[in-house]
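# Examining the three-dimensional arrangement
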Amino acid sequence: MGTSKNTNEVLTNKNLTKQTIKLALPAIMEMLMQTLLGFADMAMVGSLGASAIAAVGISDMPMTTAMAVFSAISVGATALVARFIGAKDIKKANDVAKQALIISLITAVIFALLGQLLAKTIVILMGAEKDVIPQATNYFKIVSLSLPFVIIGIIMSGVFRGAGDTKTPMYVNGISNIINIVGNFFLIYHTRIVNVNIPILNKNVFIKIPGAGLEVTGAAISTAFARSIAGLFIFLIMIKGKGKIKINIKENNKIDFQIIKRIFNIGIPAAVEQFFMRFGQLLFFRIVTSLGTTMVAAHRITLTAESISFMPGFGFALAATTLVGQYLGAGDPKLAQKSGYISVKMASIVMGIFGLFFFIWPDIFLMIFTRDKKILDNARLCLRIVAISQPFLAGVMGFAGGLRGAGDTRWVLIITFIGIWGIRLTLAYLFVKVLKIGLIGAWIAMSIDLIIRGLLLFFRFKSGRWKSIQV
């Protein structure tokens with residue numbers, strides 16, 4: 001009996017591992033492509049100097065905040081769709097998808113208008129220096145035009161993931177990234193002559209590469225266009241119907257307040273959590289901007305370099321969200337908990353390896369963006385500091401993903417608030433403003449926050465109290 005039980009448990013773990021990898025890999029590839037988008041922007045803009053890097057960084061922070069809030073609202077749709085798919089109720093899953101689309105259409109237009117009206121005010125509040133304000137404002141205005149498509153893409157991607165389809169968002173973002181990189185190449189730089197050696201012909205050939213020479217503005221146009229294409233594609237795919245989920249826009253387009261209430265019951269705490277986290281990060285960034293343009297550039301480059309480790313965390317967190325939700329919908333809370341542990345374990349291993357590379361060979365990642373010695377010296381130390389917290393960051397992402405899949409977004413909100421506001425901001429102010437440690441102090445504060453938050457989320461997930469939450 002004991003042997004049979006152990007054998008069944010091993011088989012169950014193997015199946016869960018396969019399911020986790022199947023869901024996580026496309027999401028990891030999607031995150032890789034999004035990271036390449038950030039890398040391409042930063043590497044190309046980085047050649048324009050510190051003020052250009054700062055302009056993009058300052059503009060991207062509030063934009064990322066807005067996108068994060070809508071990603072959080074999509075958590076409600078993801079969790080509900082996952083529950084209904086687990087319970088094999090496809091009609092209700094489709095109903096949730098339609099109501100999520102209605103929410104995204106209404107809010108998308110509002111946020112795009114606000115982006116146009118408040119661009120300069122937001123950039124100034126972010127602490128941009130005088131030479132950076134014009135570039136940052138222009139970048140922000142252009143990129144905010146794509147917000148309607150971005151928001152639709154974010155929320156509809158959440159619906160696909162809840163149904164267990166992580167491939168569609170991957171393909172869409174892949175196309176978007178290719179468009180963005182090509183657009184950057186032709187819009188940022190001026191027309192130039194490149195000398196290409198052709199060994200077969202044993203001669204050099206001069207090739208004229210056309211370019212608009214729009215610099216930071218070119219990066220903004222390319223990013224906005226690429227994001228808009230991604231949102232449009234995912235909208236069309238959802239309407240056409242792919243796999244288990246399909247939205248029919250020709251009938252029953254009324255607002256169903258009961259479904260929206262259920263989406264918001266999960267999504268609003270997640271959105272508030274993201275708001276507190278992102279707003280806290282904005283204040284954290286504001287502390288960094290007080291150190292000057294060079295330190296802002298070093299901070300931004302370190303964040304971009306570190307973002308490569310987010311890929312496995314993002315992928316396995318999405319796997320945890322989907323599997324926990326689907327197994328709870330199928331009435332199997334034990335497998336729901338196991339799937340969460342397996343997701344975090346796999347993420348911790350991969351992110352721990354990245355942390356090792358960050359600590360030993362930081363320049364491999366940092367020199368992609370700049371060769372400025374002062375920027376590199378500061379960024380190198382920061383990347384080594386955050387390398388230590390990578391396994392804990394895996395726990396933050398993975399356990400939070402599992403709790404969101406269960407609808408336990410309120411506890412994720414509480415723990416995030418404690419970490420960002422109680423630990424990160426407090427320590428950052430102490431280290432940077434009071435003790436005058438500089439940028440390194442800010443990154444020490446960030447790492448301590450990640451370690452404590454990872455432990456708190458682990459204890460909440462281990463308690464199992466999320467198993468009885470009704471969504």
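Residues numbered from 1 in each chain as written. Predicted model: local features only at pLDDT ≥ 70, side-chain atom pairs only at ≥ 80, totals over all residues. Heavy atoms only, no water.

## Observations regarding the overall build of the protein chain
A tally of regular secondary structure across the protein chain gives 16 helices and two strands. Each principal axis of the C-alpha distribution contributes one length, and for the protein chain these read about 70 × 55 × 55 Å. Of all 471 residues assigned to the protein chain, the portion counted as buried reaches 55%. Taking contacts inside the protein chain between residues at least 6 apart in sequence as the whole, the part at least 24 apart equals 83%. Here the protein chain displays about 20,600 Å² of accessible surface, and carbon together with sulfur accounts for 68% of that area. Charge centroids of the protein chain, computed over 47 positive and 20 negative side chains, lie 4 Å from each other. (Helix = DSSP H or I, 4+ residues; strand = E, 2+ residues; numbered from the N terminus. Buried < 20%, exposed > 50% of the residue type's maximum accessible area, 1.4 Å probe, protein only. Contact = heavy atoms within 4.5 Å. Areas by Shrake-Rupley, 256 points an atom, 1.4 Å probe, with all protein chains shown as cover. Lys, Arg positive; Asp, Glu negative; His and termini not counted. Charge placed at Lys NZ, Arg CZ, Asp CG, Glu CD.)

## Thoughts on the domain arrangement of the protein chain
Domain boundaries assigned for the protein chain yield domain 1 (12-255) and domain 2 (265-470). Here the C-alpha centroids of domain 1 and domain 2 sit 20 Å apart. Interface area, domain 1 with domain 2, both sides summed: about 4,400 Å², of which 76% is carbon and sulfur. Linking domain 1 with domain 2 are zero salt bridges. (Domains from an automatic or database assignment. Buried area = accessible area lost by both parts, 1.4 Å probe. Salt bridge = Lys/Arg side-chain N within 4 Å of Asp/Glu carboxyl O.)

## Re empty space enclosed by the protein
Applying the stated criterion to the full structure yields two cavities of 30 Å³ or more. Within this model, the second largest cavity holds a volume of roughly 50 Å³. Taken together, A54, I58, G127, A128, E129, V132, T289, G292, T293 and V296 form the lining of the second largest cavity. Residue assignment for the lining of the second largest cavity shows that the elements contributing at least two residues are α2 (50-86) and α9 (293-306). Looking at the lining of the second largest cavity residue by residue, the class counts come to five nonpolar, four polar and one charged. Inspection of the lining of the second largest cavity shows a minimum of three residues originating in each of domain 1 (12-255) and domain 2 (265-470). (1 Å grid on protein atoms, 1.4 Å probe; cavity = no way out; pocket = protein on both sides within 12 Å on 5 of 7 lines; lining within 4 Å. Points joined across faces, edges and corners; volume = space filled by probe spheres on them. Nonpolar A, V, L, I, M, F, W, Y, C, P; charged D, E, K, R; others polar.)

## Remarks on the pattern of salt bridges
Taken as a whole and assessed by the stated rule, the structure comprises eight salt bridges. Residue R424 pairs with D449 through a salt bridge whose shortest N-O separation is 2.9 Å. With R424 in helix α15 (residues 409-434) and D449 in helix α16 (residues 439-463), this pair connects stretches of sequence that are 25 residues apart. With relative accessibility at 5%, the residue R424 sits in the buried group. A single salt-bridge network, built from bridges that share partners, covers D363, K373, D377 and R380.

## Quick word on helix α10 (residues 310-329)
Think of an α-helix as turning once every 3.6 residues; residues three or four places apart then point the same way. For α10, spanning 20 residues, the distance from its first C-alpha to its last is 28 Å, which sits close to the expected 28 Å at 1.5 Å a residue. Within α10, 18 of the 20 residues are buried, which leaves the element mostly enclosed by the surrounding structure. At the C-terminal side of α10, G331 shows a positive phi close to 80 degrees. (Expected span 1.5 Å × (residues − 1).)

## Some thoughts on helix α3 (residues 90-125)
For α3, with 36 residues, the first-to-last C-alpha span of 46 Å runs short of the 52 Å given by 1.5 Å per residue. At L118, α3 shows its strongest bend, of approximately 70 degrees. Looking one or two residues past α3, G127 carries a phi angle of roughly 90 degrees, positive in sign. (Bend = angle between axes of the 7 residues up to and from the residue.)

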